[in-house]
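Descriptive structure summary
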Protein chains: 2
Amino acid sequence: MVDRTNRCYRLRRRPDGLVTPQDLELVEEGIPPLRDGQALVRTSWLSVDPTNRIWMSDLRGYLPPVAIDAVMRGLGIGEVVESRRDDFPVGAHVTGMLGFQDHCLVDDALLEAPLTVLPDPLPAPPQALLGALGHTGITAWLGIEDICRPAAGETVVVSAAAGAVGSIAGQLAKARGARVVGLAGSPEKCRHVVEDLGFDACVNYKDLDWAEQLARATPDGVDADFENVGGEIMDAVLLRLNIGARIALCGMISEYNDYGPGGGSTVPGQRAIGQLIMQRATMTGFLVLDHAARFPEAIAALAALAAEGRLRWTDTVVDGFESTIDALNQLFAGANTGKLLVRV
Amino acid sequence: MVDRTNRCYRLRRRPDGLVTPQDLELVEEGIPPLRDGQALVRTSWLSVDPTNRIWMSDLRGYLPPVAIDAVMRGLGIGEVVESRRDDFPVGAHVTGMLGFQDHCLVDDALLEAPLTVLPDPLPAPPQALLGALGHTGITAWLGIEDICRPAAGETVVVSAAAGAVGSIAGQLAKARGARVVGLAGSPEKCRHVVEDLGFDACVNYKDLDWAEQLARATPDGVDADFENVGGEIMDAVLLRLNIGARIALCGMISEYNDYGPGGGSTVPGQRAIGQLIMQRATMTGFLVLDHAARFPEAIAALAALAAEGRLRWTDTVVDGFESTIDALNQLFAGANTGKLLVRV
């Protein structure tokens, strides 16, 4: 028997700063009987990513903003619990934009993007398929392999180094022989990044002298930056660039709570972009969603490193669908280490 | 007989904002008799460029800051008036970093960079060899050909479109078949850019509704930006980018008067850099000095376009060496159209 009630978060208004229950309302809704060509997926894990926050803003983003009153967009993994279509058999594991809801109705006419049926048995635990062996790991791989391209002995800086993407990016740069310096927001995270993940150094950006620490940790300058944070942290890295440096602009989480209408941030902006001229550097923005054709190559590379014990990851698991808003806000407080997931 | 007095500008302190005679002191100094291996060049034209202002700041730039009490660094063209070395015969035209002085002592041990002896007769008027057929034109060519690479029908925005580099860059983009939209600071400049230089449109960024005008002038978005200005103007362009856009970061003149120690600007920074992620865009800083090997190719391309009547330029000539500081400050007031030169 299927539980015929769906719990979902609907976006009632665009948040100003951190997300509140008035912005994202948790509602219970009946699930109508399935029609032919439909299936029903019960969500088991939700991926909580900085980009969720972007989608809530009225921003010129890479996907349209989530419409007011629509179910919040989000990546997840789940299992087919009822089906009237052959390609989504009951019991199959499914991933994609399930949305912030505990049941997702699979219907080609209603879904924003098609869902993917995963192989059976799963090649890894489901949460890893949302993380290091899923879009998180692929994002890190694309930024390091396509944009940063560090040579052995070059210095790579990774901001949000204890975060889901940063932790993988730094290990991939290490695998290429680079010196890797992280930036993270607590002594515990810095210890984790160095001792558990093998970074060469990690600077706590909450220390008063963090910029001096960064300078000391990058005595030969910075050849590549895997950027997740933006703001003052990115400016400090830009001021350490070497000639010909590459910046993979993956995220700017420091400003996602502050986008004004149209997309410009309202926080004090980047002040060291001129260093791109001085150091003849290149900054390239990228999105994992553009590169679906390369996902198999990326996943194979990540899985191979993991099998060799050269790629590790940590999950921060928040239990309970009703904790999703808290989980999202944890990202901006830097409360998580590694991949942040909601166990539905 | 050679006039044995050299007038030169020495940098006495680093300017705060516009340049004053207390920052750059005009002094007269005797010229010692030449030794073997030396020659003396009398400056005929000085090139006045935004980069001069960068060199005065204590900034992590692409060349070391001009030392306090040193002669101000600058590009010029002149004629050998006395010589004790065979490769600099009397009467030869010479270009390079002559400095802000009316005589330059050619001495390999003293000069920061070697000077170049030009062919005789000169292939163009000397001021053109500092402008459209010199480093100015080559800068525009590198940014359009290597970075912006517009296809026919794409939209290219050029800021400081009536300036020395921007005016050439837009014409090069037009020659590739792009739609070219300029940004300039007066109705007269906008008229010049459209009517004389052939841009498709030009927006006066001093109009209150300039951002809306820019949006209307780029109905299909922006595929490439040749950026000379930075600040709010660049942010507005970034918010119009199409997916896969290219930004040639040539200059950020809006902040050169405001660099703090270390190189970060003190003006409100760039607020729309996140659009590089949203639009998967690439921003590449570049410097003409890196590409000396390609100067002949660039000059040949520029000269060919000029011969066909498809490349035009305007000079703003300031008469008299004693007016050099005024000329420099004109750049930041946007008082010049085209190449700004001092006729010494």
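Residues numbered from 1 in each chain as written. Chains lettered and ligands numbered in written order. Predicted model: local features only at pLDDT ≥ 70, side-chain atom pairs only at ≥ 80, totals over all residues. Heavy atoms only, no water.

Quick look at the relation of the copies chain A and chain B
The operation relating chain A to chain B is a screw motion whose rotation component is 180 degrees, with 0.0 Å of axial translation and a residual RMSD of 0.0 Å. Here the copies are linked by what is in effect a two-fold axis. Residues of chain A ranked by C-alpha distance from the rotation axis are headed by G269(A), positioned 2.0 Å from it. Looking at the interface residues of chain A, 100% of them are also at the interface in chain B, so both copies use one shared face. (Least-squares fit on C-alpha atoms with pLDDT ≥ 70 in both. Contact = heavy atoms within 4.5 Å.)

Quick look at the interface of chain A and chain B
Facing 44 residues of chain A, the contacting portion of chain B comprises 44 residues. For the pair chain A and chain B, the summed buried surface comes to about 3,100 Å²; carbon and sulfur atoms form 53% of the total. Contact with chain B buries surface across chain A, with R60(A), R271(A) and I277(A) losing the most and accounting together for 24% of the total. Where chain A meets chain B, there are two salt bridges. A salt bridge links R280(B) to D290(A); the shortest N-O distance between them is 2.6 Å. Secondary structure elements with two or more residues in the side of chain A that touches chain B: α7 (231-238), β12 (241-249), α8 (275-278) and β13 (282-285) of chain A. Here the residues of the side of chain A that touches chain B sort into 22 nonpolar, 16 polar and six charged. (Buried area = accessible area lost by both parts, 1.4 Å probe. Salt bridge = Lys/Arg side-chain N within 4 Å of Asp/Glu carboxyl O. Helix = DSSP H or I, 4+ residues; strand = E, 2+ residues; numbered from the N terminus. Nonpolar A, V, L, I, M, F, W, Y, C, P; charged D, E, K, R; others polar.)

Digging into the side chain of N204(A)
Residue and element names in this part refer to chain A. As for its position among the elements, N204 is in strand β10 (residues 201-204). Taking the relative accessible area as the measure of exposure, N204 reaches 7% and is therefore buried. Polar side-chain contacts of N204 include one of 2.9 Å to the backbone nitrogen of K206. Sequence-distant contacts of N204, that is, excluding residues within four places in its chain, are made with A184, G185, S186, P187, C190, W210 and Q213. (Buried < 20%, exposed > 50% of the residue type's maximum accessible area, 1.4 Å probe, protein only. Polar contact = N/O pair within 3.5 Å; in protein donor to acceptor, adjacent residues only side chain to side chain.)

What about unusual backbone geometry?
Cis geometry is adopted by the peptide bond preceding P121(A), which originates at D120(A) and carries an omega value of 0 degrees. Inspection of the secondary structure assignment puts P121(A) in the loop between β7 (116-117) and α2 (126-130). Positive phi values are uncommon outside glycine, yet R280(A) reaches one of about 50 degrees. In this fold, R280(A) is placed in the loop between α8 and β13. You will see that D69(B), though not glycine, has its phi angle at about 80 degrees, which is positive. Assessed through its relative accessible area of 38%, D69(B) is described here as partly exposed.

By themselves these figures say nothing about function.
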